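Okay, here's what each chain looks like letter by letter:
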Amino acid sequence: MTPAGSTTRVALVGGTGKLGGIIRSVIDAEPGFEVVAVLGSQSDLSELDSADLVVDASTPSVSIDVVRAAIERGLNVLVGTSGWSNERIALVRPLVEAAGTGAVFIPNFSLGSVIGTALAAAAAPHFPAIEIVEAHRETKVDSPSGTAVRTAELIAAARAEVGPVASPHVDQRARGQQVASVPIHSLRRPGVIARQETILSGPGESLTIVHDTVDPALAYAPGIRVALAAARDARGVTVGLDALIDLGLRPRAASSRHEAPVDEGGVPGQVARATGA
């Protein structure tokens, strides 16, 4: 924990990537934070030693080592890297608790995306069939996206009393990858930044919740600021921006830490919509 009134020294891993560049810009403009080290995927993790807080925007294959290195050094860590499912987080939770540090995992820094996921989880108990279609640019190395995995996990948690979603013919490869019983279909193509559709279907109707990121720098910046402030003083494991901002949409079965509402004054750069048919 950084002493009150002092500057938090940040080691940014993956700082030359797209997300890392956005995070660097936010930190540079944020009072009370200073980037003291920028690491790439091949950097020696001893460079974390000069920091008070580690921010990870690397790749799924590197991220686990970064998180472990931060914990071993007694440093809090903010993880924006994709690929951290509940199962993977469970592997490091005991390490965080034993070290008395904090680890904050944010699958998506976009407020609109988090609201879309919360809406899907709130609606999930009322629709027997649910599927997710997510699309990202062709340079994204992992699939399904961390946001889609998080959405599926929260849907499953919200459906704890009614059971898994109806997913016929999942033995066929074209039916997508099942996460917590929810089929996820991943598209990787040029001409798109980030888009997710959650399609909920019941007898005679369907509900589609769509989120589009059209300007990542504008869309992510408010969430990055909230996450930085939380990660600096965190203890234990926190998952999701929704654990830091009270959206008023949390399903009964979902479990995440409650914090006071944060007023971010509007989030440009993204489009979210829900449609019924």
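A short tour of the structure in this document, coming up. Once a new chain begins, its residue numbering starts again from 1 and follows that chain's sequence as written. Local features are withheld for residues below a pLDDT of 70 in this predicted model, meaning they are given only at 70 or higher, and side-chain atom pairs are given and counted only at 80 or more; totals for whole chains, interfaces and linings count all residues. Note: side-chain values were computed over all heavy atoms of the structure, leaving out hydrogens and water.

**Structural notes on the overall build of the protein**
To keep things clear, this is the line we draw: A run of H or I in DSSP counts as a helix once it spans at least four residues, and a run of E counts as a strand once it spans at least two, with each numbered from the N terminus. Here a residue-residue contact requires only that any non-hydrogen atoms of the pair lie within 4.5 Å. Calculation of accessible area relied on Shrake-Rupley with a 1.4 Å probe; when residues are assessed, cover is drawn exclusively from the protein chains displayed.
Looking only at helices and strands, the protein features six helices and twelve strands. Within the protein, counting contacts between residues at least 6 apart in sequence, those at least 24 apart form 72% of the total. Looking at the protein as shown, the accessible area adds up to about 12,400 Å², and 53% of this sits on carbon and sulfur atoms.

**A word on the packing of aromatic side chains**
Cut-off, in case you're wondering: Side-chain rings of Phe, Tyr and Trp, where Trp is taken by its six-membered ring, are said to pair if the distance between their centres is within 6.5 Å; with planes under 30 degrees apart they count as stacked, over 60 as edge-to-face, and otherwise as tilted. Only when the NZ atom of a Lys or the CZ atom of an Arg is both within 6 Å of the ring centre and within 35 degrees of the ring normal do we say a charge sits over the ring.
Evaluated as defined, the whole model comprises one aromatic pair. The aromatic ring of Trp84 is capped on one face by Arg88, whose charged end is 4.5 Å from the ring centroid.

**Topic: the packing of helix H2 (residues 60-72) against helix H3 (residues 86-99)**
Just so we agree on the cut-off: The angle between two axes is taken between their N-to-C directions and runs from 0 to 180 degrees, where each axis is a line fitted to C-alpha atoms and a helix contributes only its stretch in contact. For classification purposes, angles smaller than 35 degrees are called roughly parallel, those larger than 145 roughly antiparallel, those between 65 and 115 roughly perpendicular, and all remaining angles oblique. Should the near helix be turned counterclockwise from the far one by less than a right angle, the crossing is left-handed, whereas a clockwise turn marks it as right-handed. Under this grouping Gly is polar, as are all residues other than the nonpolar Ala, Val, Leu, Ile, Met, Phe, Trp, Tyr, Cys and Pro and the charged Asp, Glu, Lys and Arg.
Interhelical geometry of H2 versus H3 gives an angle of 15 degrees and a closest axis separation of 10 Å. When the axis of H2 is compared with that of H3, the two are roughly parallel. In terms of crossing hand, the pair formed by H2 and H3 is left-handed. Listed contacts from H3 to Pro60, Ile64, Val67, Arg68 and Ile71 of H2 are Arg88, Val92, Leu95, Val96 and Ala99. Residues of the contact of H2 with H3, tallied by class, amount to eight nonpolar, no polar and two charged.

**Quick look at unusual backbone geometry**
The step from Ser143 to Pro144 runs through a cis peptide bond, and the omega angle for that step is -5 degrees. Locating Pro144 in the fold gives a position in the loop between strand E6 (129-136) and helix H5 (146-158). Unusually for a residue other than glycine, Ala180 sits at a positive phi of about 55 degrees. Tracing the backbone through its elements, the reader meets Ala180 in the loop between strand E7 (177-179) and strand E8 (182-188).

**Some thoughts on the layout of surface pockets**
Applicable threshold: Using a 1 Å grid laid over the protein atoms alone, points where a 1.4 Å probe fits but cannot get out form a cavity; open sets with protein on both sides within 12 Å along at least 5 of 7 lines form a pocket; any residue with an atom within 4 Å of a point counts as lining. Grid points are joined across faces, edges and corners, and a volume is the space filled by probe spheres set on the points.
Roughly 960 Å³ of volume is contained in the largest pocket. In terms of lining, the largest pocket is formed by 43 residues, of which the most central are Leu19, Ser82, His136, Lys140 and Tyr220.

**Side note on the pattern of salt bridges**
Just so we agree on the cut-off: Each salt bridge in this description consists of a side-chain nitrogen of Lys or Arg and a carboxyl oxygen of Asp or Glu lying within 4 Å of one another. We call a residue buried when its accessible area falls under 20% of the maximum for its residue type, exposed when it is over 50%, and partly exposed in between, using a 1.4 Å probe and counting protein chains only.
Per the counting criterion, the structure on display carries nine salt bridges. With a closest N to O distance of 2.8 Å, Asp52 and Arg9 form a salt bridge. Here the residue Asp52 occupies a position in the loop between strand E2 (33-39) and strand E3 (53-56), and Arg9 occupies one in strand E1 (residues 8-13), the gap between them amounting to 43 residues. Residue Asp52 is classed as partly exposed on the basis of its relative accessible area of 25%.

**Observations regarding empty space enclosed by the protein**
Following the criterion strictly, the structure yields three cavities of 30 Å³ or more and no others. Taken as a whole, the second largest cavity spans an internal volume of roughly 60 Å³. Taken together, Val79, Thr81, Ser82, Gly83, Trp84, Phe105, Ile106, Pro107 and Gly146 form the lining of the second largest cavity.

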